[in-house]
Structure formats: C-alpha cells, structure tokens
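Analysis of the macromolecular model
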Amino acid sequence: KGQEKLNGEGTFDRVLCDVPCSGDGTTRKNPGIWKKFSQLGALALHPLQLGIALKGARLLRVGGLLCYSTCSMNPVENEAVVAEILRSSGGALELVDKRPEMAGLKARPGWVYWKVLKDRRSRKEIKNQQNKNKPKMLEKRKQWAQAKQAKSETTEQNEDEKNEEVENGDAEAAATQGEEADSDLLVSAAEEKGSSVAWDEKSALEYANSVGLTMFNSFEEVPEEQQRKVR
C-alpha cells in the first residue's frame, strides 16, 4: 500500500523536472552542438517536455512546488512549455517567483511574446539537395532520364505493332466471315429447298443464278483474287 501511495498523484512536496532539451544554452562549453543544431529539434522536443512537466505536476501535493528546467534558451522549450502547463491546469497551478528567496541568483522575467522559427527543410533534406546538384548525380539523372525515355519509346512501338497486327487480323476475319456467310446462304437455301423439292445439279445451278451466286466447274475457273482468299 505504501508503494501504491508513493506512485499515486499528490504525493510529493517538491518535484524537479530537468527535461531533455536541445542544449543550445551550453554552446560556449560544448560548441559541437552547432554542427547538428536545428530549430526543428526544439519543435520536436516540445511535446516530450510538456508531457514530463504535466506528469510532475500531477505528482505534487496541494501547495507543492514544481521546478521546470532546461539547458536551452529557446522560448519554445521554456516559456511555451510553462504557458501550456498553466493553461492546461485550468487554474490549479500558478507561476511563483522564488528569486527573493534565492540570494545571488541572476535571473530575469521570461518572455511573454516570441516568434517560432521554423526551418523550411531539415539539415538532412538540405544535404540531400546538395548531393543531388553534384555533377556526378546530375550526369546519373540524365542517364536515367534517357533510359526511361528509350524504354517508353520501345513500349509505344511494341503497342503500335500489336495494334497493327490486331487490325490485320480483324480484316482477315471479316473476309473469312463474308465467305462463310455466302456458304451459309447457299446451304440454308438448299435446306429450305430440300424440305419440299429434291435437289439436282440443274436446280442448284438455277437457284445459284437467282440469288446472284456464280458457279464454277473447276478451281482453275475461279478468278485469281478469289483463289487467294480461298487459299
């Protein structure tokens, strides 16, 4: 039960939240920070800092004190977090000035208004853009574009050849269907005629002439153009 009470809300008189930060306030002793510094870092850390501070506030007893600290001079990591804590508490928390009780402490009031600086692109994006503009990469992109264009032209050529083959096939199929239709007409007429009259060579010849068909005694009598269609 004691452990549950220790982990519960409203337990501590004092809570110190020394949250993770960008560390831009330590550049004098740690100049290496400038190599990777970006405003995007502070914007990314703001939700984490706020979450830790709000968790610390929930662990306070009534009348307790919360100390929020960072190693940054960025208002997004300091004043913005404190302002959001006060807004989220709905009046349950208030800002307390402890400077009179801490002799020798050099401090000044926090900012009330500040501008949020935001990089249009991250350092990684800027570096990638610089690499893209190198002569070697420009030459590679030119080769890729040429290969892509050649592939597109080959694809279009294959499609045109395929469409041409389809058109030729459709024309041949239409000619074949026309010949089959003529044959079907003769057969159907013969069947219709045979239902009542017996067919002989003379009758067939007369009927063929009446419907506009030409009869040939041998294949050699067929005109050369029609012979090619039959073949």
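Residues numbered from 1 in each chain as written. Predicted model: local features only at pLDDT ≥ 70, side-chain atom pairs only at ≥ 80, totals over all residues. Heavy atoms only, no water.

**Re the overall build of the protein**
When you go through the protein residue by residue, the secondary structure sums to eight helices and two strands. Scanning the protein from its N terminus toward the C terminus, one meets helices and strands in the order α-β-α-α-β-α-α-α-α-α. Here the protein holds 231 residues, and 16% of them are scored as buried. The long-range share in the protein, meaning contacts at least 24 apart out of those at least 6 apart in sequence, stands at 69%. Total accessible area on the protein is roughly 18,700 Å²; 53% of this is exposed by carbon and sulfur atoms. (Helix = DSSP H or I, 4+ residues; strand = E, 2+ residues; numbered from the N terminus. Buried < 20%, exposed > 50% of the residue type's maximum accessible area, 1.4 Å probe, protein only. Contact = heavy atoms within 4.5 Å. Areas by Shrake-Rupley, 256 points an atom, 1.4 Å probe, with all protein chains shown as cover.)

**Concerning the nonpolar core**
With nine residues, the main nonpolar core is built from Val15, Cys17, Val19, Leu50, Ala53, Leu60, Tyr68, Val81 and Ile85. Among the elements of the structure, strand 1 (12-18), helix 3 (39-58), strand 2 (60-69) and helix 4 (79-89) are those that each provide at least two residues to this core. The contacts of valine 19, once residues within four sequence positions are left out, are Gln49, Ile52, Tyr68, Ser69 and Thr70. (Core = buried A, V, L, I, M, F, W, Y, C linked by side-chain atoms within 4.5 Å.)

**Re the confidence of the model for the protein**
In the predicted model, the protein carries a mean pLDDT of 79, and 76% of its residues have values of at least 70. Of all the helices and strands in the protein, helix 1 (residues 2-7) carries the lowest mean pLDDT, 49, while strand 1 carries the highest, 94. (pLDDT = per-residue confidence, 0-100.)

**Focus: a negative patch on the surface**
A surface patch of negative charge is lined by Glu153, Glu156, Glu159, Asp160, Glu161, Glu164 and Glu165. Assignment of secondary structure puts glutamate 156 in helix 6 (residues 135-194). Residue classification places glutamate 156 among the partly exposed positions, given a relative accessible area of 48%. (Patch = residues over 30% accessible without salt bridge, like charges linked within 9 Å, V, L, I, M, F, W, Y side chains within 5 Å. Salt bridge = Lys/Arg side-chain N within 4 Å of Asp/Glu carboxyl O. Lys, Arg positive; Asp, Glu negative; His and termini not counted. Charge placed at Lys NZ, Arg CZ, Asp CG, Glu CD.)

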